[in-house]
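In case you want the letters, here they are:
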Amino acid sequence: MTDQPPPTTPPPGPGEPGPSDPGATGGQAGPPPGWDPAQGGWGTPAAPAQWVFPPTGGFPPGAGPYPGQSWYPGSPVGWYPAGHGFDPNDALVTPPGAGLGGWSARCGAALRRGWRLLVPIMLLTQVAPAAVLSVLSLGVDPSARWEAQAESPSSLPETFVTDLVTLLAVLIGGSLLIGLVQAIGWAAGTWVITRQAAGESAELGPALRYGARRALGLWGWTLLISLLIGVGFCFCVLPGIYLAFALSMAGPVYLFERQNPIGRSFRMFHDRLGLLLGRVALVVAVVIVATVVPSVLESILSVPLGTDPLSSPGTAVGIVAVLAVSAVLALPAHLAQLIGLLVTYAEQRAHEAPVNSTGLAAELG
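Calculation notes
- Residues numbered from 1 in each chain as written.
- Predicted model: local features only at pLDDT ≥ 70, side-chain atom pairs only at ≥ 80, totals over all residues.
- Heavy atoms only, no water.
- Helix = DSSP H or I, 4+ residues; strand = E, 2+ residues; numbered from the N terminus.
- Buried < 20%, exposed > 50% of the residue type's maximum accessible area, 1.4 Å probe, protein only.
- Contact = heavy atoms within 4.5 Å.
- Areas by Shrake-Rupley, 256 points an atom, 1.4 Å probe, with all protein chains shown as cover.
- Phe/Tyr/Trp six-rings, centres within 6.5 Å; stacked < 30°, edge-to-face > 60°.
- pLDDT = per-residue confidence, 0-100.
- Expected span 1.5 Å × (residues − 1).
- Salt bridge = Lys/Arg side-chain N within 4 Å of Asp/Glu carboxyl O.

Counting its regular elements, the chain contains eleven helices and two strands. Starting at the N terminus, the α and β elements of the chain follow one another as β-β-α-α-α-α-α-α-α-α-α-α-α. Per-residue burial over the chain gives 35% buried out of 365 residues. Partitioning the intrachain contacts of the chain with sequence separation of at least 6 by distance along the chain shows that 65% fall at a separation of at least 24. Carbon together with sulfur atoms contributes 67% to the accessible area of the chain, which is approximately 20700 Å² in total.

Time to look at the environment of Leu138. Turning to its location among the elements, Leu138 is positioned in helix H1 (residues 99-140). Between the C-alpha atom of Leu138 and that of Val320, which follows or precedes it by 182 residues, the distance is 9.8 Å. With near-sequence residues (within four places) excluded, Leu138 lies in contact with Pro309, Leu310, Ile319 and Leu323.

Enumeration over the complete set of coordinates arrives at four aromatic pairs. A centroid spacing of 6.2 Å and a plane angle of 25 degrees characterise the contact between Trp191 and Tyr210, whose relative ring orientation is stacked. With Trp191 in helix H3 (residues 160-197) and Tyr210 in helix H4 (residues 204-235), this residue pair connects regions lying 19 residues apart in the sequence. Residue classification places Trp191 among the buried positions, given a relative accessible area of 9%. For the ring pair Tyr242 and Phe266, a centre distance of 6.2 Å and an interplane angle of 50 degrees mean the geometry is tilted. Residue Tyr242 is located in helix H5 (residues 237-246), and its partner Phe266 is located in helix H7 (residues 261-271); the two are separated by 24 residues in the primary sequence. Looking at Tyr242, the relative accessible area reads 35%, which means it is partly exposed. In textbook terms, an aromatic cluster arises when at least three aromatic residues are bridged by ring pairs, as seen for Tyr242, Phe266 and Phe269.

Taken residue by residue, the chain gives an average pLDDT of 81. The fraction at 70 or more is 74%. Scored below 50 in pLDDT, residues 44-83 shows 38 contacts in the model against residues more than four places distant or in partner chains.

Let us look at helix H10 (residues 331-352). For an α-helix, 3.6 residues make a turn, and residues three or four places apart therefore share a direction. Taking 1.5 Å as the rise per residue, H10 with 22 residues should run 32 Å; its terminal C-alpha atoms sit 33 Å apart, in good agreement. Here H10 lies mainly inside the structure; 18 of its 22 residues are buried.

Attention now goes to the pattern of salt bridges. Throughout the structure, instances matching the rule amount to seven salt bridges. Two residues, Arg264 and Glu257, come together in a salt bridge whose shortest N-O distance is 2.7 Å. Assessed through its relative accessible area of 21%, Glu257 is described here as partly exposed. The salt bridge partner of Arg272 is Glu352, with a shortest N-O separation of 3.4 Å. Note that Arg272 is positioned in the loop between H7 and helix H8 (273-302) and Glu352 in helix H10, a separation of 80 residues in sequence. Given the relative accessible area of 13%, Arg272 is considered buried. Exposure remark for Glu352: the relative accessible area of 37% places this residue in the partly exposed category. Several salt bridges share partner residues, and in doing so they unite Glu257, Arg264, Arg272, Arg349, Glu352 and Glu363 into one network.

As structure tokens, then:
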């Protein structure tokens, strides 16, 4: 037999699908992806992969920008994505990017919320002790007696050494004692401001009791910091100013974190130099103005009372009244220092990690 060639499939006729055409028997099971027979063409392509929103610009998914930068180009100030722990409406913590306006608004809000408690705390722990020390210092001041006893401008009075030792003992001892009382006020005021910002109750008695518990440690660190700043001023003015700014956060660091306040304050200062320097400079400016005005007024009003106003009852009452008024007029300086440094510390913490008033209030204990 002659070998027959295998049968071949005839070519498809007009309008008939071939074996490889979509829908042919034995061909593909269906149309290719994207083909829509009803439209006679390609349909809507598949949805692309989901993108992280807002764009992270190279950051790991879910991470935020570096401190002080916006979340994405053109994002409004104070806007933060959900789930990152920032609350732009927090009463105490200024979130990154809110700027000087957010910081000053929180300082003013803290004063409006807490002045009914902060004023008596500052009067008891700052104003009254300062007035008492001023009266005691004036009482042991030997200047008028030295002038009366001096036989010649070049000779020293017989009681010069004794009087000088007494004056130094009153000034140094009184300053140390007042520092301890002031530490009670700083801790109590911090407790009041933080709890009110967190929406918790705050009263005068519990605030002073908290301040008394934390005063000794805060007083010790304050003495060490004052010594460091004093040594800096002895070498030159600029090192003293630098130390005063670099250690400005040490008090709040001790109250909230209770460890390494000097090292932490230095690190905060150098990590965000411009931001912290600007905030503390504003606080210092307000404190200086609020302190100079009462001092000038005290000097003017005490001139008519003579060089030894305690020598007679009339002038003694007058000088005590002048010193008391001067101390009361310095109250805004104490409030500005307390509130300004506390709000600045909270802002620095927000640049390190998300934090809010509730968390800070829990840290105080």
